[in-house]
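Structure assessment
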Amino acid sequence: KWVARHRKVKSTYVLAAVLAPLLLSSYISLNKIEALSFYTSGRNYIADEKTDEGVAQMHRALDHAPEVLNLNDVYPRLCLILINKPDQFERAITEALTALPYNTQLNLYMYAFKSMAADSLSQKQALDYLARGKRYAAAQSAVNVSMALATAFNNMGRGFQAAHNHQQAVTAYRYSLQ
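Residues numbered from 1 in each chain as written. Predicted model: local features only at pLDDT ≥ 70, side-chain atom pairs only at ≥ 80, totals over all residues. Heavy atoms only, no water.

**What to know about the environment of Q168**
Filter applied, for reference: In this text, helices come from DSSP runs of H or I with a minimum length of four residues, and strands from runs of E with a minimum of two, each type numbered from the N-terminal end. Two residues form a contact once any of their heavy atoms are found within 4.5 Å.
Structurally, the position occupied by Q168 is in helix α8 (residues 166-177). Spatially, the C-alpha atoms of Q168 and M156 are 8.8 Å apart, while their sequence positions differ by 12 residues. Once residues within four sequence positions are removed from consideration, Q168 is found in contact with M116 and F160.

**What about the pattern of salt bridges?**
A side chain of one charge can pair with a side chain of the opposite charge if their charged atoms are brought near each other. Note the cut-off: The salt bridge definition used is simple: a Lys or Arg side-chain nitrogen within 4 Å of an Asp or Glu carboxyl oxygen. Buried means the residue's accessible area, taken with a 1.4 Å probe over protein chains only, is under 20% of the maximum for its type, while exposed means over 50%, and partly exposed covers the values in between.
What the rule picks out here adds up to 3 salt bridges. Residue D73 is joined to R43 by a salt bridge in which the shortest nitrogen-to-oxygen separation is 3.8 Å. Residue D73 is located in helix α3 (residues 71-82), and its partner R43 is located in helix α1 (residues 2-47); the two are separated by 30 residues in the primary sequence. Under the relative-accessibility criterion, D73 is labelled partly exposed at 23%. Salt-bridge contacts for D73 lead to R77; the nearest nitrogen and oxygen are separated by 3.1 Å. Here D73 pairs with R77, and both are found in helix α3, just 4 residues apart, close to one helical turn. Among the charged side chains, a network of salt bridges with common partners joins R43, D73 and R77.

**Section: the environment of G54**
For G54, the location among the structural elements is in helix α2 (residues 51-64). Note: C-alpha distance between G54 and G42 (12 residues apart in sequence) is 3.8 Å. In this structure, G54 is in contact with G42, Y45 and I46, ignoring residues within four places of it in sequence.

Right, dumping it as structure tokens:
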């Protein structure tokens with residue numbers, strides 16, 4: 001009886017030892033799949049012009065498993081959507097540039113945003129950077145700088161227009177056409 005009971009206890013431990021890594025692996029895989037699902041869902045919401053839902057899903061994906069996502073794709077998309085919402089954009093661009101400090105698109109978006117600042121010194125510095133950045137990125141980057149800036153300024157113009165700040169909207173739209 002003792003031998004039979006001992007074998008049963010031993011087999012339970014063996015079964016647990018075999019199942020534990022399998023369960024852990026499944027849990028990790030599920031987290032990765034959920035993050036990709038949140039990201040894809042966010043992109044679809046944004047494509048359907050449901051930006052608030054899309055942004056929320058992208059944040060969920062970043063919170064869930066950022067190591068699975070292509071951050072060079074996620075952060076520029078997220079920041080471009082949020083560029084017309086100053087409080088949200090500033091948080092997103094800070095997080096994005098912390099993760100990807102040399103990302104050309106993110107830096108262009110940040111300086112485009114700063115170029116619309118009320119502070120004339122910040123505005124001048126940002127416009128100087130953008131002028132230099134256009135020349136550098138045109139020669140050194142795979143990013144279509146003109147298109148990136150046009151899209152960013154257009155999105156800011158839409159935000160200013162929605163906020164009834166028509167002078168800033170016109171300025172942003174003018175920059176988008178340059």
